[in-house]
Every structure is written in C-alpha cells, then in structure tokens.
Amino acid sequence: MAKSENNKLVSASTSASVSVSAEKKTGLENALEHVKNPKARAAIKRALEKKKLKEKEKQPEVKTDEQIVASDKAALAIGFGGSDTLSSVTQALKLAITGKYGSTITWTSSNTAVISNDGKTVVPSTNSDVKVLLTATITKNNITTTKVFEVTVKAKLTDAQIVIADKAALAIGFGGSDDTSFVTSPLTLPAKGANGSVISWISSNPAIISNDGKTVIRPVIGQGDAVVTMIARIKSNGVTDTKLFTLVVKQQLNDADKVAADKAALSITFTEGESAGSVTSKLTLPTLGVNGSTITWVSSAPAAISNDGKTVTRPAAGQGDIYVTLIATITSNGVSDLKTFSVVVKQQLTDAQKMAADKAALQIGFSGTDTSGSVTLKLSLPVVGVNGSTIVWYSSNTAIIADNGTVIRPAAGTGDKTVTLSAVIISNASVDTKAFTVTVKQLP
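Here the structure is a predicted model, which is why all the values come from computation and not from measurement. (Residues numbered from 1 in each chain as written. Predicted model: local features only at pLDDT ≥ 70, side-chain atom pairs only at ≥ 80, totals over all residues. Heavy atoms only, no water.)

1. Quick notes on the overall build of the chain
Scanning the chain from N- to C-terminus turns up seven helices and twelve strands. In the chain, 60% of the contacts between residues at least 6 apart in sequence involve partners at least 24 apart. Summed over its atoms, the accessible surface of the chain is roughly 23700 Å², and 53% of this surface lies on carbon and sulfur atoms. (Helix = DSSP H or I, 4+ residues; strand = E, 2+ residues; numbered from the N terminus. Contact = heavy atoms within 4.5 Å. Areas by Shrake-Rupley, 256 points an atom, 1.4 Å probe, with all protein chains shown as cover.)

Written out as structure tokens, the structure is:
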C-alpha cells in the first residue's frame, strides 16, 4: 500500500476514534485503536461509518428485472402437505404466487382434472398413478421465464389396500425405554391409520393394561410379570382385519431394585456441545429416577456449580479450570445409594483465546443448495462469534458480493466471478482475519 494511502487510513481512523468522545467504546472502536493491519483498519472504519448512518441496518438489494426473475426461478419450489414429495402427491399443494425477490408467479397444470391450476384441488385416480406437469410462469415487468415441475399423484387406494397398508405400518408407542418385552408405563395406541382406516383396541387383560393403553397396573412384587395381548381392529368402510401385539408387563420393583436400576440409568444432561470434560453453562440434574426413586444432589464446589446445577460460575481467565464432583443420592423409602460424577468447569477465555476460537469456528452460511463453488443467493455472514467476538466483513468485489453478503450475479455470458470475503475477528485488542473464496455463478 502506498505511503500516502496508508496516511489517509491512519488519519481517517484517528478521526473516527476521536469522535467516540467519552462514551464507552464498542469492540470495533477499541479494535480501531489497536489494529495495525491497513486492510483491517479500513474494514473497521467502514463498519463504523455504516453504523453511524443507520446502525448498520441491512441495505435493500438492488437487482435488475432479469436478476429478480432468475433468482426467483432458482429459489422456487413446491410446498407439499404431510409426507408428500414430487413422486408421491396425495393432498393439496402450496404454489407460491409471489417470488422471494418480488416477481409474480402464475401456474398451469397439464391435467386440471387431477391437479387444479392453483394446486388446491388434488383428485387421485382410482386406477393408477398419474404424472402431472406444473408450469410456473415467473414475471417481473417485461421479463418472463418458466419453470416446470413433474409430480406424481398417487392412485386412490381401495378399502382393502388401505387396511393392508395400515396394518403393516401399525405400531404401539412405548414410554421411556419400554418395549414389547418390558412394559412399565402407559402405551400410545393409534386410533387412525396412516391411510385413514379406523383402529380400535381390546386388551386381553384390562386389569393390567386398559383397552386404551393409558392405564398400566404392574403386578405386585412376587406375582411375576404379566403377559397381555393387545388386539388392534383395522377398519375401512366394510373391510376389516386384526393385528395382535404380545406385551410383557414387568412386576413392580422392590426398593433396592428401584434404587439400583435408577442409579444405573442416571446421567447428567449437558448443554449442547459440552461434556463432562468441558462445562461452561448450566447442567440438568434429574430429581426423579425412571423407576420413581428420589434423587438429591450435592456439589463439591458450589461456588463453581450450584447443588441444583442451574448456576455455573467459570473461573476468571488465568485462574485455571476447576474440577467439581457432583454427588447424587438415590433413595426409595429406606434404601439409598450414591453415584458421583466428575466434571471440569473451564476457566473464562482471554480475549486472544476468544478471538482464536471464534476464528476457528467461523463459517459462511449458504442458501438453498449453494456451495462455495456455486453461489447464486445471498450469503449469511455472522457478525458475532460464538464466544462473543465482533466480526466485520469486507468483499474483494462489492459489485458481485456486498459486504453484508448480498449477491448480484454476473449477467449471462460474462462468466462466473471469484470473490474473496475477508472477516476481521475482534475481541477488544485481539484481532485476526480469516478469508473465504467463493464463486458466484453467472445468470443462465
């Protein structure tokens, strides 16, 4: 960089920092006082100027009619109901009438007897599946293009087919870790099949499992487990079939067995991304065992982790991590046992560590099916790191990708464009940069 240009950057940077007056400085303003890299200083200064104008609000996207139509065509998709897909349509479709960037969309069905032009009416054939072409016409002023979707409307099932399909798919829902050979809690018994059949249930022993499955009475200690058959009756109009499920209801546990089972099952739930070796935020400590025992907790260092696990206080940077033992007392009537868990509460990060961690974790977010080698839609550029660093972005070609990630695709025939996006990661006086290279595809 030329000396005169560098002097201009330094002069402009000094003016920006002086204008902050006596107010508390932001991360950007602090960084401006410490950053030496001219490009980084220019990016920070640019961000401060934008914030002054309008708190760095998103700038409206500027697109030509051709670009709007092309972008809306690329983003356009059909909305399906339930578990429907392009190859399996059974119910009404959701057909957009306005594109993401403001175009008008009209639809035409190749077979309106099966799918109406607006997609709201779907009439399955009684004989076979039917393929239908849905043509979307995307328009902005005088620019128009089309996009065609081929969908398959599934044939309407006969009552016999409905019953067969729903019988095959029918399953009982169990609570907790229960299964057919280990039932201890209420069941979920479907009343309707996936294809619309009506399902009713009968228990071979309603004193153990009620007909609706909502009540399960376990045999008392010494009576042994109970075997119960649940009979499902699947009906569609005049067609009926049955499906049997054989279940084993476990006898009740004595207190010692309850405590032992609940001790074996007991675990701590950590915040996503954390583990016993790295704790920075609250824990979930169960107070009731799966078999009904009560659980109380004691922390060996309540100043670091409270007894209920809801408060975690990390040591200051430089003080070192803290090892904490969490002691669970599992009790059922007069029977008790202990289980201990060792965890590490991580010390707070220094500014340099925050910045380094945020740099390592930093990624660009792509829209739709875009990738770094094929960009067509706006990019998501994080402005705050996972550890609190401030992130400022600047583009090597703002005519193609703006600093806020807005994408203006090159005109057809001009070729794809490669752009470097540079992120300045700032945590007070600690600053670093990270670059990403992406390719913006020309318009079709």
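2. Observations regarding helix H5 (residues 159–169)
When H5 is considered as a whole, its buried residues turn out to be Ile-162, Val-163 and Asp-166. Projected down its long axis, H5 carries its buried residues within an arc of 95 degrees, all on one side. In H5, those exposed residues whose orientation departs by more than 90 degrees from the buried face are Ile-164 and Ala-168. At its buried positions, H5 is contacted by strand E5 (226–236) and strand E6 (239–249). (Buried < 20%, exposed > 50% of the residue type's maximum accessible area, 1.4 Å probe, protein only. Arc of directions from axis to C-beta.)

3. Overview of the pairing of strand E8 (residues 322–332)
With six bridges connecting them, strand E7 (residues 294–299) and E8 associate as antiparallel partners. Each bridged residue has a counterpart across the sheet, and for Val-298 the counterpart in E8 is Ile-327. Examined bridge by bridge, E8 and strand E9 (residues 335–345) share eleven bridges and lie antiparallel to one another. Paired with Thr-331 across the bridge in E9 is Ser-336. Linking E8 back to E9 in an antiparallel pair, the connection comprises two residues, with Asn-333 at a positive phi of about 55 degrees. (Pairing = 2+ DSSP bridges.)

4. What to know about the sheet that holds strand E10 (residues 390–395)
Taken together, three strands build an open sheet; the order of strands is E10-E11-E12 and the sheet is antiparallel. Every interior strand has two partners, whereas the edge strands, E10 and strand E12 (430–440), have only one. With direction set aside, neighbouring strand axes in the sheet form an average angle of 20 degrees. Here six bridges tie E10 to strand E11 (residues 417–427), and the two strands are oriented antiparallel to one another. (Axes fitted to C-alpha atoms, helices over the stretch in contact; angles between N-to-C directions.)

5. Let's talk about the sheet that holds E7
Strands sit in the order E7-E8-E9 across an open sheet of three strands; the sheet is antiparallel. Lying at the two open borders of the sheet, with one neighbouring strand each, are E7 and E9. On average, each strand axis in the sheet is tilted by 20 degrees relative to the strand beside it, whichever way the strands run. Sheet strands in contact with helix H6 (residues 255–265) are E8 and E9, and its direction is about 10 degrees off that of E9.

6. Section: the pattern of salt bridges
Applying the stated rule across the entire model yields seven salt bridges. A salt bridge links Lys-346 to Asp-321, with the shortest nitrogen-to-oxygen separation between them at 2.8 Å. Of the two residues, Lys-346 is situated in the loop between E9 and helix H7 (351–361) and Asp-321 in the loop between E7 and E8; the sequence distance between them amounts to 25 residues. Close ionic contact of Asp-416 with Lys-441 constitutes a salt bridge, the shortest N to O distance being 2.8 Å. With Asp-416 in the loop between E10 and E11 and Lys-441 in the segment after E12, this residue pair connects regions lying 25 residues apart in the sequence. A relative accessible area of 34% means that Asp-416 is categorised as partly exposed. (Salt bridge = Lys/Arg side-chain N within 4 Å of Asp/Glu carboxyl O.)

7. A few points about unusual backbone geometry
Of all residues except glycine, most have a negative phi; of all peptide bonds, most are trans. In this structure, Asn-333 is a non-glycine residue whose phi angle is positive, near 55 degrees. The residue Asn-333 is located in the loop between E8 and E9 in this model. Note on Asn-333: relative accessible area 66%, which makes it exposed. Even without being glycine, Asn-428 reaches a positive phi, approximately 55 degrees. Residue placement: Asn-428 occurs in the loop between E11 and E12. For Asn-428, a relative accessible area of 38% gives the class partly exposed.

8. With respect to the side chain of Asp-178
With respect to the helices, strands and loops of the structure, Asp-178 is situated in the loop between H5 and strand E4 (198–203). Here Asp-178 occupies a buried position and makes no salt bridge, while the nearest side chain of opposite charge, Arg-218, is found at 7.5 Å. In terms of polar contacts, Asp-178 uses its side chain to reach the backbone amide nitrogen of Thr-184, at 2.7 Å. Separated by 3.0 Å, the side chains of Asp-178 and Ser-185 make a polar contact. Not counting residues within four places of it along the chain, the set of residues in contact with Asp-178 comprises Val-183, Thr-184 and Ser-185. (Lys, Arg positive; Asp, Glu negative; His and termini not counted. Polar contact = N/O pair within 3.5 Å; in protein donor to acceptor, adjacent residues only side chain to side chain.)

9. Quick look at the packing of aromatic side chains
Scanning the entire structure with this criterion turns up four aromatic pairs. Their ring planes at 35 degrees and their centres at 5.8 Å tell us that Trp-393 and Phe-436 sit as a pair that is tilted. Of this pair, Trp-393 sits in strand E10 while Phe-436 sits in strand E12, and the two are 43 residues apart along the sequence. Overall, Trp-393 belongs to the buried group, its relative accessible area being 5%. For Phe-436, a relative accessible area of 13% gives the class buried. Lys-63 extends its terminal NZ or CZ atom over the ring of Tyr-101, reaching a point 4.7 Å from the ring centre. (Phe/Tyr/Trp six-rings, centres within 6.5 Å; stacked < 30°, edge-to-face > 60°. Lys NZ or Arg CZ within 6 Å of the ring centre and 35° of its normal.)

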